[in-house]
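One letter stands for each residue in the lines below.
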Amino acid sequence: MEANGMAGRHGLEGDADLQFLLTGGNLLKVRSSSWKKRRMYKLQEDCRTMWQESKKTVNQDQTFPIDDIESVRRGRQSEGLKKYTEASVEERCFSIIFQGHRKNLDLMASSKEEANRWVTSLEKLMNNIRNLNHKQKSEHWLINCMRKADKNKDNKMSLKELKHFLRQVNIEVSEVYAEEFFKKCNKSEGRYLEGEEIKHFYDLLTHREEIEVIFQSYAQSDGQMSARDLMNFLLNEQREQATAERGEGEGELAEQKRMTKDGFLMYLQQEDGSILNPAHKTVYQDMSQPLNHYFISSSHNTYLTDDQLKGPSSTEAYIKALMKSCRCVELDCWDGPNGEPIIYHGYTLTSKILFRDVIRAIKDFAFKTSDYPVILSLENHCTVNQQKLMAHHLVSILGDALVTRPLGTSMPTNFPSPEELRGKFLVKGKRLNKLDAAFSNNNTVEEDTVSEEDEAADCKENGQKSKPKKSKIKLAKELSDVVIYCKSVHFNSFEHARDSQAFYEMSSFKESKAFNLADTSATAFIHHNMDKLSRIYPAGSRTDSSNYNPVPMWNVGCQIVALNFQTPHKEMHLNQGRFLPNGFCGYILKPEFQRSLSSQFNPNTLTNGPWLKMKTFHVMVISAQQLPKLNKEKQRSIVDPLVRVEIHGVPADNCSKETHYLNNNGFNPMWNEKFQFPIHVPELALVRFVVEDYDAASQNDFVGQYCLPLTSVQNGYRHVPLLTKRGDVIPSAGLFVHVILLDAQQ
C-alpha cells in the first residue's frame, strides 16, 4: 500500500507536514561533545515508522515506530543537549523522547525554522495516530503486517505469504487450514490473492463471532438495529439510561435510523464504550477538601532510573514521573563540588545530578499533565551553606509557585485544598520552629540542629554505611522557612501524634513499620490520617528498586504511598489503576468513611458500617484481539494466552481467578468463561485484568494488563485496553468482557 493510501487512512492525504516527513532530511545526531554526526531521517510509506540512516555494518536499516514516541521537546530540554551543545543553538535543537527505557534521540537542525518544522510535523502525526478510533488502529496494524508479509512488494499474497502473515498476527494454523483459508478467498483460482480477494481474506480474518451473537439477539429490524433495539441493548446489557437521541446519535444510525453489525461493532469500540466510565476521565471529584483527604500519587527516590546501588540518576526520571501525574517527588540532597548541592542515593555508586537542574526540570514539567500541587520531599544531608543555596534555588527558580507562607492572613488549623493550591509547590522537610512563627514579627531563629529524616537514618542502618544512631544535622533558617504545610517529625505513637502534633507535622514510615501498624492498629492509623499526612517508603533492603504492595496502605488512609516509579511491575500497575480516574490528576478523594471522625472502619475486621456494601462482581472474559507477539525474532513463536482477573482491596475482597489457556492464538482467542467475586468494600477495590502467555515449563510471560477502581467500571459488554509492563497502551490489542456489579442478593 502506497504512502498516499496510508495518509488517506490517517486523514492526512496531501498534508504538507506529512509530505515533509515522507521526504525527510539530514539532522545532526548528538550523543556526546565529540559524537555529533549528520544522519538522514524520514517517515516510511506506512506513515507509522521512522527510518534513520545508520553507518553500522550490521543492521543498517534502523527504524522506530511513531507509537513508541512519548513526546517531542523543542530546544535543549534533554540532559544530553544541555550538556553537549551551546546555548546559542537552542532554537535549532529538539529531542525525541521514547516510552520505556530507550534513550532519547537528541537532534539539531540546520535552522530554527527546520527544527520547528520537524517538531510540528511529528507532533501532528503523533496526535493523529493517537486520535484514531479502535477500528482504524486495528486496520493499520493488520495492513502493516500484510506489508511485512508481502516479501516481493507486488501487492499480492501467495499461500506462503499468507502463512507468514498469520504468524505475524500471532496465529499458528495447520497446513490444511491455511490451504482451505486460501482457497476460500481465491475466487480466481490463481496462485495469488489480489484486489477483492485480499479484502475478502481481511473480512474473514476480522469477523467477530461474539459480536454477531450479541447483535443478532437485539437486531429485530430486518437484520439491523433500530434506535429502539439499541436502547433495549443499552438498558438491558449496559445498564445505561438511554434516550432516543442518545441512541440515534452515531453515524450510520443517525442517517438511516438503522445500525448494521459493523456499525454496532464501531459503537462498542468507541472510547466512551470502554470499561472505564467516561465521566471519570476528567476531574469529577470534589477538589476543595483539605489536602490530607486525598490519596496522592507519590514517587520514591525519583531521581533513579534503575536500581538503588549503582544505577544512573537523571532529571529525566523526574520528568517521566511528573508526566505520569506523580504529585510528590523525592530529592536526596548532598553537598556537591564547587559549593553546588547534588542529588543522588547516599553511600552508593549511583550517579549524581545538580539540585538546581532538578528544580528547573520540575518547574518546566510539573503541571503539564495536572495542575494540582506538587510536593517536593527533601531528604537533606547538606551543610548549612549548601542548604542556603538549596533555598535560593527553590525560591529563585520556582518563584511565586513556591508556597513560602500559609495561605490566608491568620494561622490555619487545617490544610488548604488541592483546588486552592493549583500550580503550587509545597516543600516537605525539617523546620526549626512552629508554623505560627510565620505570622510573628519575632521569627528570629537562626540555624539550629534538628534530627535527621527518619528515612535517612534507616538508609544508614541498612548496611549501606554502618552508622546506627540517628544523628543531628544543622538546619539553615532559609531552608526551614520554605517548609510550610509538610514539616517532617519523628513518629512516636498515634496517641502522641494526636495530643502533641500540629496538623502540618507529618511522619514518614518505612514499609515494615507501616504494615505492622496497619495490621495491629488499623482504625487508629485511619484516624491519624484524618487530620495529618503520612508518607510510606520502601525498605532500604529493596536495592533492586522493587516495591511493596500499596493497597494495604491506602486501606488505612495513607496519602503519600511512595513507590519506585522506574520499576514496571504489579505494584506500579496498581498505582496507575488507583490514579487512572479523576482526570489522571494525581489526586483521588478518599472514601467518606476514611475522612469522617465518627468512623470506626477497620479494613481487617470489617465490622458493620456504611463502608460495608455487599456486592457481587460478575465477569465474563469473552475474547481478546490482536495480542502482541512476545518473541518477534522467532516467527513460529505464537502466544498461548490466558486471562487472569484480580481484585485488590480490603483483605476480605482480595481474590484472583483465571481462564484456561488457548494454544497458538494471540489474534482472536475466545474463552467465554464466567467468574464471580464477592465484594465487601467496593470503594477501596481495584480490578486488574492480566493477559499472560502460558508456559508449562517455566513462569508465564507477561503480555498486557489493565487496572482501574471498581467504582469506575462501566457495566455491560466492554472493551478493555491493554497496557505494556511500563504502562503504555498497546495500540491494537484489547480484551472483550461482560461485567456487572450487583447487590449481593441479586
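Values in this document were obtained by computation on a predicted structure and should not be read as measured data. (Residues numbered from 1 in each chain as written. Predicted model: local features only at pLDDT ≥ 70, side-chain atom pairs only at ≥ 80, totals over all residues. Heavy atoms only, no water.)

**Student:** How do you make sense of unusual backbone geometry when you look at a structure like this?
**Tutor:** A negative phi holds for most residues other than glycine; trans holds for most peptide bonds. Residues other than glycine seldom take positive phi values, yet asparagine 155 does so here, at roughly 60 degrees. Looking at the element boundaries, asparagine 155 is found in the loop between helix H5 (134-149) and strand E8 (157-158). Classification of asparagine 155 as exposed rests on a relative accessible area of 51%. Positive phi values are uncommon outside glycine, yet asparagine 338 reaches one of about 60 degrees. Relative to the elements of secondary structure, asparagine 338 occurs in the loop between strand E13 (328-334) and strand E14 (342-343). (Helix = DSSP H or I, 4+ residues; strand = E, 2+ residues; numbered from the N terminus. Buried < 20%, exposed > 50% of the residue type's maximum accessible area, 1.4 Å probe, protein only.)

**Student:** Sorry if this is basic, but what is going on with the nonpolar core here?
**Tutor:** Looking at soluble globular proteins, one finds that nonpolar side chains tend to be buried together. Grouped together as the largest cluster of nonpolar side chains are 73 residues, with contacts concentrated most on Leu331, Ile362, Leu376 and Leu394. Per-element accounting of this core gives the leading share, six residues, to helix H15 (residues 355-365). Shared between two domains, this core takes at least three residues from each, and those domains are domain 4 (291-434 + 447-453 + 471-594) and domain 5 (615-743). For isoleucine 362, the residues in contact, after removing those within four places along its chain, are Tyr318, Leu322, Val329, Leu331, Leu376 and Phe425. Grouped together as the second largest cluster of nonpolar side chains are 34 residues, Val645, Ile647, Phe677 and Leu735 included. (Core = buried A, V, L, I, M, F, W, Y, C linked by side-chain atoms within 4.5 Å. Domains from an automatic or database assignment. Contact = heavy atoms within 4.5 Å.)

**Student:** Explain the UniProt feature "binding site: Ca(2+) 3" (unreviewed entry) in the chain to me, please; I cannot follow it from the model alone.
**Tutor:** According to UniProt, the "binding site: Ca(2+) 3" (unreviewed entry) feature falls on Asn301, Glu330, Asp332 and Glu379. Spanning 79 residues, the annotated positions come together in the fold, the maximum distance between their C-alpha atoms being 9.7 Å. Mapped onto the fold, asparagine 301 is located in the loop between strand E12 (294-299) and helix H14 (315-323). Ignoring sequence-local partners within four residues, the contact set of asparagine 301 consists of Gln308, Glu330, Asp332, His345, Glu455 and Asn564. By the element assignment, glutamate 330 lies in strand E13. Given the relative accessible area of 1%, glutamate 330 is considered buried. Once residues lying within four places of it in the same chain are set aside, the contact partners of glutamate 330 are Ser299, His300, Asn301, Thr302, Tyr303, Tyr318, Ser377, Glu379, Glu455 and Arg535. (UniProt positions renumbered as here; feature names shortened; annotations may be inferred.)

**Student:** What should I look at first to understand a positive patch on the surface in this one?
**Tutor:** On the surface, Arg31, Lys37, Lys56 and Lys103 cluster together into a patch of positive charge. Within the secondary structure layout, arginine 31 lies in the loop between strand E1 (25-30) and strand E2 (36-43). (Patch = residues over 30% accessible without salt bridge, like charges linked within 9 Å, V, L, I, M, F, W, Y side chains within 5 Å. Areas by Shrake-Rupley, 256 points an atom, 1.4 Å probe, with all protein chains shown as cover. Salt bridge = Lys/Arg side-chain N within 4 Å of Asp/Glu carboxyl O. Lys, Arg positive; Asp, Glu negative; His and termini not counted. Charge placed at Lys NZ, Arg CZ, Asp CG, Glu CD.)

**Student:** In this structure, what is going on with the layout of surface pockets? I would like to understand it.
**Tutor:** In this approach, a probe sized like a water molecule rolls over the atoms, and the result shows the empty space that is left. Each pocket or cavity is described by its volume, and for the second largest pocket that value is around 390 Å³. What lines the second largest pocket is a set of 22 residues, and nearest its centre among them are Tyr177, Phe181, Leu204, Leu205 and Asn668. Ranked by residue count, the leading element in the lining of the second largest pocket is helix H7 (residues 175-185), at four residues. Of the residues that make up the lining of the second largest pocket, three or more belong to each of domain 2 (135-206) and domain 5 (615-743). (1 Å grid on protein atoms, 1.4 Å probe; cavity = no way out; pocket = protein on both sides within 12 Å on 5 of 7 lines; lining within 4 Å. Points joined across faces, edges and corners; volume = space filled by probe spheres on them.)

**Student:** Help me understand the UniProt feature "domain: PI-PLC Y-box" (unreviewed entry) in the chain in this model?
**Tutor:** Under the UniProt annotation, the feature "domain: PI-PLC Y-box" (unreviewed entry) is placed at residues 479-595. Note that residues 479-595 is 37% helix and 20% strand, and that its end C-alpha atoms are spaced 32 Å apart.

**Student:** Just checking my understanding: could you explain helix H16 (residues 384-398) for this structure?
**Tutor:** An α-helix turns once per 3.6 residues; consequently, residues spaced three or four apart project the same way. Here H16 spans 21 Å end to end across 15 residues, near enough to the 21 Å set by a 1.5 Å rise per residue. Those residues of H16 not exposed but buried are Val384, Gln386, Gln387, Met390, Ala391, His393, Leu394, Ile397 and Leu398. Close packing links the buried residues of H16 with E13, H15, strand E16 (374-380), strand E17 (425-429), strand E19 (472-475) and helix H18 (477-480). A positive backbone phi angle near 60 degrees is found at glycine 399, which sits one or two residues after H16. (Expected span 1.5 Å × (residues − 1).)

**Student:** Mind showing me how you'd approach the confidence of the model for the chain here?
**Tutor:** Any segment with low pLDDT has predicted coordinates that should not be analysed in fine detail. This prediction gives the chain a mean pLDDT of 89; 92% of its residues lie at or above 70. Low confidence marks residues 244-250, where pLDDT is under 50. Its contacts with residues over four positions away, or in another chain, come to 13 contacts. Contacts of residues 463-468 to residues separated by more than four positions or lying in other chains number 13 contacts, the stretch itself having pLDDT below 50. (pLDDT = per-residue confidence, 0-100.)

**Student:** For this particular structure, what's the right way to read the pairing of strand E26 (residues 641-648)?
**Tutor:** For a regular strand, side chains alternate in direction, first toward one face of the sheet and then toward the other. With eight of eight residues buried, E26 lies mostly within the body of the structure. Here E26 shows two buried faces, one formed by Pro641, Val643, Val645 and Ile647 and the other by Leu642, Arg644, Glu646 and His648. Sheet analysis places E26 next to strand E29 (residues 686-693), joined by eight bridges and oriented antiparallel. Across the sheet, leucine 642 pairs through a bridge with glutamate 692, a residue of E29. Of the strand pairs in this sheet, E26 and strand E27 (residues 655-658) are connected by four bridges, and their pairing is antiparallel. From the neighbouring strand, glutamate 646 faces E27, where its bridge partner is serine 656. The turn linking E26 back onto E27 is made up of six residues. (Pairing = 2+ DSSP bridges.)

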